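A structural walkthrough
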Amino acid sequence: MMPSCKDITEHSSDYLDRNLPWWKRPGYWLHLAMCVHCRRYVEQLKLTIATIGKSPNAVPPSISTDEMQTIVEKMKQSTKK
Amino acid sequence: MATPLLPSDDELIPKLLANDETSYAQVVAAYHGLMVQLARAIVGEAIADEVAQETWVAVLRALPKFERRSSLKTWILRIVSNTAKSRIRHESRTISLDESLEESPIVDPARFKPNAHWVSPPAMWHADTPDALLASTELHSCINNALHTLPPLQCATITLRDMQGLSMEAICKILEVSESNGRVLLHRARSRIQMAIEEHEKQ
């Protein structure tokens, strides 16, 4: 059965992550081929995912030498207890 | 993320168990930033560093019992996640961790006709690349705000998946959620950020 636009929005991550069950794929592809709004929705989700990955938030905080020494010292102390 | 070169788990674990200081430093250099990032996603900025530091001691205590059913990295991140969740529960925060069963719709139902097709479809965005979107300082802070207002497990899932590229299998082990709940958390988080961008683009 052809999914509705709402169905497309609900399963768009699974579609982009290639995790859509095989039996849902043909209906999904067909809907996207026919519906410009859903194509745009899915493209915008794809762009959102790429943007999250490139945002400054994606970079883990760096650790200073002092902080590293403090942590290693705590680890050493914990094994002596 | 550029991870400092680490020996394999097979080499590293016996050295950590033997209290080898160089291995402590190597593993801290490799994973501490990621641990803080995950802790921030769950408990927020204020106590994330503390949670990550606390985790290292817990890691050493639990290491002799580590059964190697996952990589060392996944196992350490799971301890971060559990430590962070305990802090939330301990501090009796009102934040609910049981968010995976949240039933609110992904897209506002008012945007669909009764037959579930669009009545208010998405409009074009001014930019079509991440760099172009992030070039706007306002949009960048809008994404930032949206990330900070995500429920803890959604924020943790999107951090580990879309920022750090971990597999869903590893993420579900780290956060102790089922694969289907993990996928729901990820999609909800992504959709909220998408909606935040869309709202900004309308202005």
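All residue numbers refer to positions counted from 1 along the written sequence of the respective chain. Whichever chain is written first is A, and whichever ligand is written first is 1; the rest continue in order. Local features in this predicted model are restricted to residues whose pLDDT is 70 or higher, and side-chain atom pairs enter the listing and the counts only when it is 80 or higher, whereas totals over whole chains, interfaces and linings include all residues. The side-chain numbers reported here are obtained from all heavy atoms of the structure, hydrogens and water having been left aside.

Under the scheme used here, helices are H or I runs from DSSP no shorter than 4 residues and strands are E runs no shorter than 2 residues, and both carry numbers assigned from the N terminus. Counting its regular elements, chain B contains nine helices and zero strands. Across chain B, helices and strands are ordered from the amino to the carboxyl terminus as α-α-α-α-α-α-α-α-α. Each of the three principal axes of chain B carries a C-alpha extent, and together these read 65 × 35 × 30 Å. When contacts within chain B are restricted to residue pairs at least 6 apart in sequence, long-range pairs at least 24 apart make up 67% of them. Positive and negative side-chain charges of chain B, numbering 21 and 26 respectively, have mean locations separated by a distance of 5 Å. We call two residues in contact when some of their heavy atoms are within 4.5 Å. Charge assignment in this entry is limited to Lys and Arg as positive and Asp and Glu as negative, and neither His nor the chain termini are counted. Positions of charges follow a simple convention, taking NZ of Lys, CZ of Arg, CG of Asp or CD of Glu.

This part covers the interface of chain B and chain A. Each side of the interface is counted separately: chain B has 54 residues, and chain A has 45 residues. Together, the buried faces of chain B and chain A total about 4,400 Å²; carbon and sulfur atoms form 67% of this surface. For the chain B face of the interface with chain A, the top three residues by lost area are Trp118, Arg190 and Gln194 of chain B, together amounting to 13%. A side-chain nitrogen of Lys or Arg and a carboxyl oxygen of Asp or Glu constitute a salt bridge if their distance falls within 4 Å. Applying the counting criterion to the chain B and chain A interface returns four salt bridges. We call two N or O atoms a polar contact when they sit within 3.5 Å, provided that within protein one can donate a hydrogen and the other can accept it, with sequence-adjacent residues counted only if both atoms are side-chain atoms. At the boundary of chain B with chain A, the tally comes to 18 residue pairs in polar contact (both at pLDDT 80 or more). Contributing elements (two or more residues each) for the side of chain B that touches chain A: α2 (21-43), α3 (45-62), α5 (130-134), α6 (137-148), α7 (152-163) and α9 (179-202) of chain B. When residues of the side of chain B that touches chain A are assigned to their parent elements, the largest contribution, 11 residues, is made by α2 of chain B. Looking at the side of chain B that touches chain A residue by residue, the classes come out as 32 nonpolar, 14 polar and eight charged. Two parts lose some accessible area (1.4 Å probe) when they are put together, and adding that loss for both gives the buried area. Three categories are distinguished: nonpolar for Ala, Val, Leu, Ile, Met, Phe, Trp, Tyr, Cys and Pro, charged for Asp, Glu, Lys and Arg, and polar for the others, with Gly belonging to the last.

As a further point, take the domain arrangement of chain B. Residues and elements named next belong to chain B. Examined at the domain level, chain B breaks down into domain 1 (9-91) and domain 2 (109-202). Just the C-alpha atoms count here: the centres of domain 1 and domain 2 sit 27 Å apart. On the domain 2 side, the residues contacting the 15 residues of domain 1 number 14 residues. Where domain 1 abuts domain 2, roughly 1,200 Å² becomes buried across the two surfaces, and 63% of that area is made up of carbon and sulfur atoms. For the interface between domain 1 and domain 2, the tally reads one salt bridge. On inspection of domain 1 and its partner domain 2, the count reaches six residue pairs in polar contact (both at pLDDT 80 or more). Note that the domain bounds reflect an automated or database-derived domain assignment.

Now for α6 of chain B. Owing to its 3.6 residues per turn, the α-helix aligns residues three or four sequence positions apart on the same side. All names here are of chain B. The end-to-end C-alpha separation of α6 is 16 Å, in line with the 16 Å expected for 12 residues at 1.5 Å each. Burial here depends on accessible area, computed with a 1.4 Å probe over protein chains only, as a share of the maximum for the residue type. Under 20% is buried, over 50% is exposed, and the range in between is partly exposed. Within α6, burial applies to Leu139, Cys142, Ile143, Ala146 and Leu147. In an axial view of α6, the angular spread of the buried residues amounts to 135 degrees, which keeps them on one side of the axis. Residues of α6 that are exposed and angled more than 90 degrees away from the buried face: Thr137, Glu138 and His148. To estimate how far a helix should reach, multiply one less than its number of residues by 1.5 Å. Each C-beta atom gives one direction from the helix axis, and the arc is the one those directions make.

The description of two helices packed together rests on the angle between their axes and the distance between the axes. Residue and element names in this part refer to chain B. A fitted line through C-alpha atoms serves as each axis, taken over the contacting stretch for helices, and the angle formed by two N-to-C directions is quoted from 0 to 180°. Interhelical geometry of helix α1 (residues 9-17) versus α2 gives an angle of 125 degrees and a closest axis separation of 8 Å. Taken together, the axes of α1 and α2 lie oblique to each other. Considering the relative orientation of α1 and α2, their crossing is left-handed. Residues Leu12, Lys15 and Leu16 of α1 form the contact with α2, whose participating residues are Ser23, Tyr24, Gln26 and Val27. Throughout this description, any angle smaller than 35 degrees is read as roughly parallel, any larger than 145 degrees as roughly antiparallel, any in the 65 to 115 degree range as roughly perpendicular, and the remainder as oblique. Working rule for handedness: look at the near helix, and if it is turned counterclockwise from the far one by less than a right angle, call the crossing left-handed; if clockwise, right-handed.

This part covers the side chain of arginine 87 of chain B. You can see arginine 87 of chain B is positioned in helix α4 (residues 72-90). Not counting the four nearest positions on each side in its chain, arginine 87 of chain B is found in contact with Val43, Ile47, Glu50, Val51 and Glu54 of chain B.

Further remarks concern a nonpolar patch on the surface. On the surface, a cluster of nonpolar side chains totalling about 300 Å² of accessible area is made up of Met2, Leu30 and Met34 of chain A. Note that methionine 2 of chain A resides in the segment before α1 (5-10). Like charges are joined within 9 Å and nonpolar side chains (Val, Leu, Ile, Met, Phe, Trp, Tyr) within 5 Å, but only among residues with over 30% relative accessible area and no salt bridge; these make up the patches. Per-residue and other accessible areas were derived by the Shrake-Rupley procedure at a 1.4 Å probe size, with only the shown protein chains allowed to occlude residues.

The subject of this paragraph is the nonpolar core. In this description, a nonpolar core means a group of buried Ala, Val, Leu, Ile, Met, Phe, Trp, Tyr and Cys residues linked to one another through side-chain atoms lying within 4.5 Å. Judged by nonpolar contacts, the single largest core of 68 residues is most densely connected at Val27, Leu38, Trp56, Leu72, Ile76, Leu175 and Ile193 of chain B. Looking at this core element by element, the count peaks at 13 residues for α2 of chain B. Built from parts of two domains, this core gets at least three residues from each of domain 1 (9-91) and domain 2 (109-202) of chain B. Every residue in contact with leucine 72 of chain B, bar those within four places of it in the chain, is listed here: Asp9, Leu12, Ile13, Leu16, Val27, Leu63 and Phe66 of chain B. Tyr28, Cys35 and Cys38 of chain A together with Phe112 of chain B belong to the second-largest nonpolar core, a separate cluster that totals 14 residues.

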